Amino acid sequence: MSVLHKYEIIDIHAHIFPDKVAQKAVGSIGDFYGVSMKGKGTVGDLLESGQKIGVSKYVVHSSATTVEQVRSINDYIFGVQSSCINMIGFGTLHPGLDDAALEVDRMLSLGLHGVKLHPDFQGFNIDDASMFPIYEALEGKLPVLFHMGDQHSTASSPLRLVKIIDRFPGLVAIAAHFGGYSMWDEAAEYLIGRNVYMDTSSSLYYLTPERAADMIRKHGVQKMLFGSDYPMWEHEEEFKRFMRLDLGEEERRAILCTNAQKLLHIL
């Protein structure tokens, strides 16, 4: 399918599931947030959605809700990354894991590029002391993409993340959803301008183009990443929302692609 724009695109935030469980998993996410999910959550459907805007690479992940799921999910993500040249795998960890350092080393041996953590789904607060061994294991080794912000709890609040980036200055953190889905005021107060990346996922529908562009510039274009949050949204609609922002050509290229290339060392 032809793409009528001039940008290379890396989607930093996409969820995928094995075909046999995708429908159930996507339905559970939709029920949790009370939204109608746009995608099916399968690799094939992700590719079909992204092709409409010419996505060249997808950062894919899935969160373990139990300790027992960690290795199998990481193996699944590794398999997808190995079989699809445009897939970049982020693994998963869990606060109940006995030795996070061993699994981090295994993820590195598999060639995974980072870790996704979802405090609300996984049942922990970002700044829980039980998470410190995980952050210590990741510091200086793999970036971590945090789900940020929620209407249900403060587990993933921007203020909690600030405590972690202060305690673990070598941890490369990506704060999803402009630093806090439904908590953008708090994100603006505590995270804007800090040493943390942010992605655009699940935010452009709610923020005005003026506010989104203002937050981007105050935080620093070089620390912003484009994310779809597929299967919650379709790529085409998220890209259209992004293009409504009053940004220059180089700013758009940085957010859509080059920042992610530098972060993930995929130049």
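Scroll up to find the structure this text is about.
Residues numbered from 1 in each chain as written. Predicted model: local features only at pLDDT ≥ 70, side-chain atom pairs only at ≥ 80, totals over all residues. Heavy atoms only, no water.

Student: Explanation requested: the overall build of the chain in the structure shown.
Tutor: For the chain, the count of helices and strands is 11 helices and eight strands. Its C-alpha atoms give the chain a radius of gyration of 17 Å, within 12% of the compact-globule value 18 Å for 267 residues. Oriented by its inertia axes, the alpha-carbon framework of the chain measures out at about 50 × 40 × 40 Å. Here the chain holds 267 residues, and the buried ones make up 58% of them. Across the chain, the fraction of contacts at a sequence separation of at least 24, relative to all contacts at a separation of at least 6, is 76%. Total accessible area computed for the chain in this model is approximately 11200 Å², and 51% of it derives from carbon and sulfur atoms. (Helix = DSSP H or I, 4+ residues; strand = E, 2+ residues; numbered from the N terminus. Rg over C-alpha atoms; globule rule 2.2 N^0.38 Å. Buried < 20%, exposed > 50% of the residue type's maximum accessible area, 1.4 Å probe, protein only. Contact = heavy atoms within 4.5 Å. Areas by Shrake-Rupley, 256 points an atom, 1.4 Å probe, with all protein chains shown as cover.)

Student: So what exactly am I meant to see when it comes to the state of the cysteines here?
Tutor: Should the sulfur atoms of two cysteines be covalently bonded, the bond is a disulfide. The tally for this structure, following the rule as stated, stands at zero disulfides. Among the cysteines around C257, which has no disulfide bond, C84 carries the closest sulfur, lying 19 Å off. Relative accessible area serves as the criterion here: at 4%, C257 is assigned to the buried category. (Disulfide = S-S within 2.5 Å.)

Student: I'm lost on the environment of L97 in this one. Help?
Tutor: Assignment of secondary structure puts L97 in the loop between β3 (87-92) and α4 (100-110). For L97 and E68, which are 29 residues apart along the polypeptide, the C-alpha to C-alpha distance reads 8.8 Å. Those residues in contact with L97, other than ones at most four positions away along the chain, are V67, V70 and E103.

Student: Teacher, can you tell me more about the packing of aromatic side chains here?
Tutor: To describe a pair of aromatic rings, one takes the distance between the centres and the angle between the planes. By the definition in use, this model includes 14 aromatic pairs. Each ring, one from Y33 and one from F121, has its centre 6.0 Å from the other, and the planes form 50 degrees; the classification is tilted. Of this pair, Y33 sits in helix α1 (residues 19-33) while F121 sits in helix α5 (residues 119-122); the two residues are 88 residues apart in sequence, bridging distant segments of the chain. Given the relative accessible area of 16%, Y33 is considered buried. Residue F121 is classed as partly exposed on the basis of its relative accessible area, which comes to 26%. An aromatic cluster of three or more residues is present, and its members are F32, Y33, F121, Y181, W184, Y205, Y206 and W233. (Phe/Tyr/Trp six-rings, centres within 6.5 Å; stacked < 30°, edge-to-face > 60°.)

Student: Can you walk me through the packing of helix α10 (residues 235-243) against helix α11 (residues 249-264) in this structure?
Tutor: Packed helix pairs are specified by the crossing angle of their axes together with the interaxial distance, meaning the distance between the axes. At a minimum axis distance of 12 Å, the contact between α10 and α11 shows a crossing angle of 150 degrees. When the axes of α10 and α11 are compared, the pair comes out roughly antiparallel. Once α10 is placed against α11, the crossing between them reads as right-handed. Facing F239, F242 and M243 of α10, the residues of α11 in contact are R252, I255 and L256. Taken together, the residues of the contact of α10 with α11 break down into five nonpolar, no polar and one charged. (Axes fitted to C-alpha atoms, helices over the stretch in contact; angles between N-to-C directions. Parallel < 35°, antiparallel > 145°, perpendicular 65-115°, else oblique. Left-handed = near helix turned anticlockwise from the far one by under 90°. Nonpolar A, V, L, I, M, F, W, Y, C, P; charged D, E, K, R; others polar.)

Student: When you look at the pairing of strand β2 (residues 55-61) in this model, what are you seeing that I'm missing?
Tutor: Side-chain positions along a regular strand alternate between the two faces of the sheet. The element β2 is largely enclosed, with a buried count of five among its seven residues. As paired elements, strand β1 (residues 9-15) and β2 share five bridges and run parallel to each other. Counterpart to H15 in the pairing with β2 is H61. Of the strand pairs in this sheet, β2 and β3 are connected by three bridges, and their pairing is parallel. Paired with Y58 across the bridge in β3 is M87. (Pairing = 2+ DSSP bridges.)

Student: When you look at the packing of helix α3 (residues 69-83) against α4 in this model, what are you seeing that I'm missing?
Tutor: Relative to each other, α3 and α4 sit at 15 degrees, their axes nearing to 11 Å. It follows that α3 is roughly parallel to α4 by the angle criterion. α3 and α4 meet at a crossing whose hand is right-handed. Contacts between α3 and α4 involve V70, R71, N74, D75, F78 and Q81 on the former and, on the latter, E103, R106, M107 and L110. For the contact of α3 with α4, the per-class residue count stands at four nonpolar, two polar and four charged.

Student: What's the story with the sheet that holds strand β5 (residues 144-146) in this structure? I'm lost.
Tutor: Adjacent strands of a sheet pair through backbone hydrogen bonds, lying either parallel or antiparallel. The sheet built from eight strands is open, its strands ordered β1-β2-β3-β4-β5-β6-β7-β8 with parallel pairing. Of all strands in the sheet, those bounded by a partner on one side alone are β1 and β8 (224-225). Alignment of strand β6 (residues 173-175) against strand β7 (residues 197-199), held across two bridges, turns out to be parallel. Across the sheet, residue I174 finds its bridge partner in β7, namely Y197.

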